[in-house]
Amino acid sequence: MINFGIIGFGLHAVKRLMPGFALAKNCRVTALSRRDLAKAKESARQHDIPLAFDSSENLCRSPQVDAVFITTPNACHLEDVLVAASCGKPILCEKPMANNADQCRQMVEAARKANVLLGVAHVFRFEESTAWLRQELSTGKIGRTVFARSEFSFPASHGHARTWIHDPVISGGGPVADVGVHCIDTLRFILRDEVLRVTARGISGEAGEVENGAAMVLEFSRGTLATVAVSFLAEYRTPLELVGETGVLWADNALTVEHPIALELRRGGALVETHTVSNRLAYALQVDAFADAVEGKAAFPIPGEEGWRNQEILDAAYRSMKSGKTEEVRNLF
């Protein structure tokens, strides 16, 4: 049983992580940290967590913590990873991994130097819907993939609990960084391919704030053209579509964990196959997979290098939004 400490115990930890840990088989939460110790103690009391700290360093130095899950605002990820690595703790870091690719590089290098495990929490790789789409594509159900489309939107007005997501210094970007990274990573995973170039256009937010929405075109190495649309203005939706030479794979809300998802295979405009799955175990599977890696049972499938790759694509998207041109994605390896 691996004991996790959650660094930055906020909305995401309450809404997603704790329900996931409750379903996990090989790990549990024994500690949390918040900047305000009184609030940390209250959160620990509410969720029956033994230890509460007001700093990431104090949490990481606890002998009752085997691994850390970093869920602080994006701008804090670099410092928190460096602290955890210096304490020798395995690290699972929320997405986006950082605010830019150089920070990701520093995180990966620090983990390597300290010889500690560094993973990135791209939870949608653990969904049944993602697994089904990946398998159907790999077995040739729709032939060569010509187009792909992934969207992710949710209303995030200034009354949203994560107020910092509108501040570019803290968040590193708007919906492109916050949920666009989910779309990008999921497409890379399903297609088993890498993005070479990005063209992006954004919808401006208020002065000094992040974009409110954006559309991106991703050019993959094997010729697939993918579009990604993200927004803080539209209602919650996560459709995903793969268009091949001989068929179409489709899900109206492919990435949700809230309710069952109907997955479809179509050919010639006719419904050929439908499959209903549930993603309710995704967060539990993610932390159990990391716990298994900590124990040496299996490699964690999303190492820091994967988060770094995704950040290079995000950086290219933001460069494109500024330049108005198609931007190359830097090849890491």
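See the structure printed just above.
What comes next concerns the included structure. Because the structure is predicted, anything quoted here is derived from the model rather than measured.

Scoring rules and cut-offs
- Residues numbered from 1 in each chain as written.
- Predicted model: local features only at pLDDT ≥ 70, side-chain atom pairs only at ≥ 80, totals over all residues.
- Heavy atoms only, no water.
- Phe/Tyr/Trp six-rings, centres within 6.5 Å; stacked < 30°, edge-to-face > 60°.
- Lys NZ or Arg CZ within 6 Å of the ring centre and 35° of its normal.
- Helix = DSSP H or I, 4+ residues; strand = E, 2+ residues; numbered from the N terminus.
- Buried < 20%, exposed > 50% of the residue type's maximum accessible area, 1.4 Å probe, protein only.
- Pairing = 2+ DSSP bridges.
- Axes fitted to C-alpha atoms, helices over the stretch in contact; angles between N-to-C directions.
- Contact = heavy atoms within 4.5 Å.
- Core = buried A, V, L, I, M, F, W, Y, C linked by side-chain atoms within 4.5 Å.
- Salt bridge = Lys/Arg side-chain N within 4 Å of Asp/Glu carboxyl O.
- Patch = residues over 30% accessible without salt bridge, like charges linked within 9 Å, V, L, I, M, F, W, Y side chains within 5 Å.
- Areas by Shrake-Rupley, 256 points an atom, 1.4 Å probe, with all protein chains shown as cover.
- Polar contact = N/O pair within 3.5 Å; in protein donor to acceptor, adjacent residues only side chain to side chain.
- Lys, Arg positive; Asp, Glu negative; His and termini not counted.

1. Description of the packing of aromatic side chains
Following the criterion strictly, the structure yields seven aromatic pairs and no others. When the ring centre of Phe189 is taken as origin, the NZ or CZ atom of Arg134, which lies over that ring, is 4.0 Å away.

2. Quick notes on unusual backbone geometry
Note that the residue after Lys95, namely Pro96, is joined by a cis bond; omega there is -15°. Considering the arrangement of structural elements, one finds Pro96 in the loop between strand E5 (91-94) and helix H5 (101-114). Within the chain, Asp48 stands out as a residue other than glycine whose phi angle is a positive 55°. Note that Asp48 resides in the loop between helix H2 (37-46) and strand E3 (51-53). The residue Asn115 is not glycine, and still its phi comes out positive at about 60°. Assignment of secondary structure puts Asn115 in the loop between H5 and strand E6 (118-121). The class of Asn115 is exposed, set by a relative accessible area of 71%.

3. Some words on the sheet that holds strand E2 (residues 27-33)
Within the open sheet, the six strands sit side by side as E3-E2-E1-E4-E5-E6. Their pairing is parallel. Unpaired on one side and paired on the other, E3 and E6 mark the two borders of the sheet. Within this sheet the neighbouring strands show an average axis-to-axis angle of 25°, counted without direction. Relative to strand E4 (residues 67-70), strand E1 (residues 2-7) runs parallel, the two being bridged by four bridges. Considered in E4, the bridge of Ile6 is made with Phe69. Strand contacts of helix H1 (residues 11-23): E1, E2, E4 and E5, with the helix running at about 175° to E1, the strand carrying the most contacts.

4. Quick look at the nonpolar core
In this structure, Ile6, Phe21, Val68, Phe69, Ile91, Leu218 and Leu242 are the most contacted members of the largest nonpolar core, which totals 109 residues. Top element by residues in this core is helix H8 (residues 175-191). It accounts for nine residues. If we ignore the near neighbours within four places in the chain, the residues touching Phe21 are Phe4, Ile6, Cys27, Arg28, Val29, Phe69 and Val287.

5. Structural notes on the pattern of salt bridges
With the rule as written, the count across this model stands at 26 salt bridges. The network of salt bridges with common partners includes Arg125, Asp185, Arg188, Glu194, Glu306 and Arg309.

6. Quick look at a nonpolar patch on the surface
The grouping of Leu23, Leu281 and Leu285 at the surface amounts to a nonpolar patch, some 230 Å² of accessible area in total. Looking at where Leu285 falls in the secondary structure, it is placed in helix H9 (residues 282-294). In this structure Leu285 comes out as partly exposed when scored by relative accessible area, which is 42%.

7. Remarks on the sheet that holds strand E13 (residues 261-267)
What the nine strands build is an open sheet, ordered E14-E13-E12-E11-E7-E10-E9-E8-E15; its pairing is mixed. Looking along the sheet, the strands with just one partner apiece sit at the ends: strand E14 (270-277) and strand E15 (327-328). Both strand E12 (residues 248-251) and E13 contribute to a ladder of four bridges, which runs antiparallel. Its bridge partner being in E13, Val248 is matched across the sheet by Arg266. Of the strands in this sheet, strand E7 (145-153), strand E11 (240-244), E12, E13 and E14 are in contact with helix H6 (residues 128-138), which crosses E13 at around 15°. Sheet contacts for helix H10 (residues 304-323): strand E8 (195-203), strand E9 (213-220) and E15; angle to E8, the most-contacted strand, approximately 50°.

8. Describing the environment of His77
Of note, His77 is situated in helix H4 (residues 77-86). Taking the C-alpha atoms as reference, His77 lies 7.0 Å from Met97; in sequence the two are 20 residues apart. Every residue in contact with His77, bar those within four places of it in the chain, is listed here: Ile70, Thr72, Cys93, Glu94, Pro96, Met97, Ala98 and Met107. A polar contact is formed between the side chain of His77 and the backbone oxygen of Met97, at a distance of 3.1 Å.

9. Comments concerning the side chain of Asp288
Tracing the backbone through its elements, the reader meets Asp288 in helix H9. Of the side chains with opposite charge, Lys25 lies nearest to the buried Asp288, which makes no salt bridge, at 6.6 Å. Here the side chain of Asp288 touches Asn26 through a polar contact of 2.7 Å, landing on its backbone nitrogen. Beyond its immediate chain neighbours, meaning those up to four positions away, Asp288 contacts Ala24, Lys25, Asn26 and Cys27.

10. Some remarks on the pairing of E8
Direction of pairing for E8 relative to E9: antiparallel, over a ladder of eight bridges. Among the inter-strand pairings, Ile203 is bridged to a residue of E9, identified as Gly213.

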